[in-house]
Amino acid sequence: MAEISSRREEASAAEETAGRDVKAAESCLSCRRQFLRRTGWFGVYAALAGMAACLLRFFFPRVLFEASPIFKAGLPENYGVGHVETKYKAEYGVWIVREADGIYALLAVCTHLGCTPVWFEGDDRFKCPCHGSTFTREGVNYEGPAPRPLERLKIDLAEDGQIRIDKRKRFRLEKGEWEDPAAVLRV
Amino acid sequence: MDDKKTSVSEKVQETQVFKSVFRHGFEDTVRNRVLKVMSNVFLHLHPARIALHGIKIRHTWCMGGITFFLFLILTLTGVLLMFYYHPDKANAYNDMKYLEHDVPFGIIMRNMHRWAAHLMVITVWLHMFRVVMTGSYRAPREFNWVVGVVLLTLTLLLSFTGYLLPDDQLGFWAVTVGTNMARATPVVGHEGPLGEELGMTAYNDVRFALLGGSEVGGNALLRAYVWHCIGIPVVFTLFLIVHFWRVRKDGGISGPL
């Protein structure tokens with residue numbers, strides 16, 4: 001009788017401690033395990049995010065084997081007033097135009113969808129073969145689907161006196177940038 | 001001497017090698033037919049049975065099936081073309097000409113590939129129209145419709161990237177125009193709204209990533225080639241698997257309402 005009752009007491013005591021453990025567990029699912037789990041998953045997601053970032057960066061090469069965006073175009077004396085020079089179009093995609101008040105460089109990319117227009121000396125116009133956009137000698141669009149004028153490029157004199165053009169810097173008329181002194185070479 | 005009661009073929013069918021390969025014999029009962037379909041990895045991709053309305057051309061137009069068939073033709077002819085095509089500026093156009101003139105049956109492979117590509121774009125639109133006409137986008141098939149639209153987009157992208165590969169006038173200007181549209185995209189394009197404010201230039205925007213440079217050159221050709229042959233087909237296949245799976249799970253091709 002005594003053994004049975006003591007066993008009953010042990011069982012109920014064990015139940016109580018088990019009950020206390022369960023209550024403690026409900027407030028923090030074994031805090032250590034929760035911490036480890038969260039840290040582990042954080043590490044997994046961080047690693048995946050890092051890999052995704054690396055994958056995205058992979059598509060942007062650091063070194064390009066394209067023609068240099070800066071090139072020299074001879075001496076200003078070789079350009080007559082009112083002349084549109086087309087010999088740099090094939091390699092650099094640029095026309096060089098001399099007006100009475102200065103020399104400027106036009107980017108040979110149609111502002112509609114990027115085709116290469118053609119200079120027609122007889123019509124005094126740049127015309128794009130793709131969709132018929134037409135530009136004046138200044139580069140202003142006045143016909144066809146082109147929404148804005150051709151872009152002018154940074155132009156200055158190099159140390160040796162040659163005209164130097166930097167294609168990386170663009171100037172747009174609609175933003176008033178043709179007034180910028182870097183957009184035209186006064187000679 | 002052969003036993004006259006059992007022929008050679010019957011004896012072969014009794015061998016362990018044969019039984020290892022063909023597990024269910026040739027008994028022509030319904031049960032055995034289903035058993036053979038279910039236990040074959042290639043056949044089990046199809047349902048063991050289809051409903052009669054599944055072959056009702058007036059309802060289905062069979063356009064989905066034709067589109068898939070064209071995709072298989074494009075894959076096969078595409079792989080064959082890859083044996084003779086170098087994806088660089090010096091060779092691309094000449095390789096296309098070489099395939100047409102000097103490779104035995106090369107002109108058939110090239111033309112089949114081009115025709116199948118154009119036709120697949122047409123049939124995928126017709127398939128879409130059919131699904132609209134028969135209301136097969138309605139519950140519970142809404143998700144499969146979305147998957148289908150994604151497949152349509154991927155088909156057009158495959159068409160676009162493939163168009164550039166011959167490096168002819170059509171392809172070159174097509175990719176020039178397409179990527180110039182990309183540079184006008186908001187946020188990610190350097191000429192689009194919010195692009196410049198976010199620091200996008202011609203050397204780091206989405207157009208740069210698509211072309212692998214600032215101009216349509218050798219990098220652009222190679223990237224189009226990789227997207228066309230591997231990148232997009234892998235994604236396409238994944239969505240196609242889901243698309244077919246969904247049709248299966250919804251009880252086969254949708255019948256008349």
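Up top is the structure.
Residues numbered from 1 in each chain as written. Chains lettered and ligands numbered in written order. Predicted model: local features only at pLDDT ≥ 70, side-chain atom pairs only at ≥ 80, totals over all residues. Heavy atoms only, no water.

Participant: Tell me about the state of the cysteines, and please be specific about residues and values.
Facilitator: All names here are of chain A. This model, assessed by the stated rule, comprises one disulfide over all chains. Bridging Cys115 to Cys130, the disulfide has an S-S length of 1.9 Å. Disulfide Cys115-Cys130: the torsion about the S-S bond is -85°, which places it as left-handed. Placement of the pair is Cys115 in the loop between β4 (102-107) and β5 (118-120) and Cys130 in the loop between β6 (125-127) and β7 (134-135), with a sequence separation of 15 residues. Taking the relative accessible area as the measure of exposure, Cys130 reaches 32% and is therefore partly exposed. (Disulfide = S-S within 2.5 Å. Helix = DSSP H or I, 4+ residues; strand = E, 2+ residues; numbered from the N terminus. Buried < 20%, exposed > 50% of the residue type's maximum accessible area, 1.4 Å probe, protein only.)

Participant: Which residues make up the pairing of strand β3 (residues 94-99) of chain A, and what values go with them?
Facilitator: Residues and elements named next belong to chain A. The element β3 is largely enclosed, with a buried count of six among its six residues. Across the two faces of β3 the burial is the same, with Val94, Ile96 and Arg98 and Trp95, Val97 and Glu99 all buried. For β3 and β4, the ladder comprises six bridges, and the chain directions are antiparallel. In the sheet register, Arg98 faces β4, and the bridge partner there is Ile103. Linking two consecutive strands that pair antiparallel, namely β3 and β4, is a turn of two residues. (Pairing = 2+ DSSP bridges.)

Participant: So what about the packing of aromatic side chains? Which residues, and what values?
Facilitator: Here a ring pair, both rings aromatic, is described through the centre-centre distance and the interplanar angle of the planes. The tally for this structure, following the rule as stated, stands at 17 aromatic pairs over all chains. Centroid distance B:Phe172 to B:Trp173: 5.0 Å. Interplanar angle 85°. Geometry classified as edge-to-face. Accessibility expressed as a relative area gives 22% for B:Phe172, which makes it partly exposed. B:Trp173 sits in the partly exposed class, given a relative accessible area of 24%. Through a chain of ring-to-ring contacts, three or more aromatic side chains come together here, namely A:Phe58, A:Phe59 and B:Trp227. Taking NZ or CZ as reference, A:Lys127 lies 5.4 Å from the ring centre of A:Phe120, over its face. Its end group placed over the ring of A:Trp178, A:Arg152 keeps NZ or CZ at 3.7 Å from the ring centre. (Phe/Tyr/Trp six-rings, centres within 6.5 Å; stacked < 30°, edge-to-face > 60°. Lys NZ or Arg CZ within 6 Å of the ring centre and 35° of its normal.)

Participant: Run through the environment of A:Thr111, naming residues and quoting values.
Facilitator: Residue and element names in this part refer to chain A. Here Thr111 lies in the loop between β4 and β5. Beyond its immediate sequence surroundings of up to four residues, Thr111 is in contact with Phe135, Ala146, Pro147, Arg148, Pro149 and Leu150. Engagement of the side chain of Thr111 in a polar contact is seen with the backbone oxygen of Arg148, the distance being 2.6 Å. (Contact = heavy atoms within 4.5 Å. Polar contact = N/O pair within 3.5 Å; in protein donor to acceptor, adjacent residues only side chain to side chain.)

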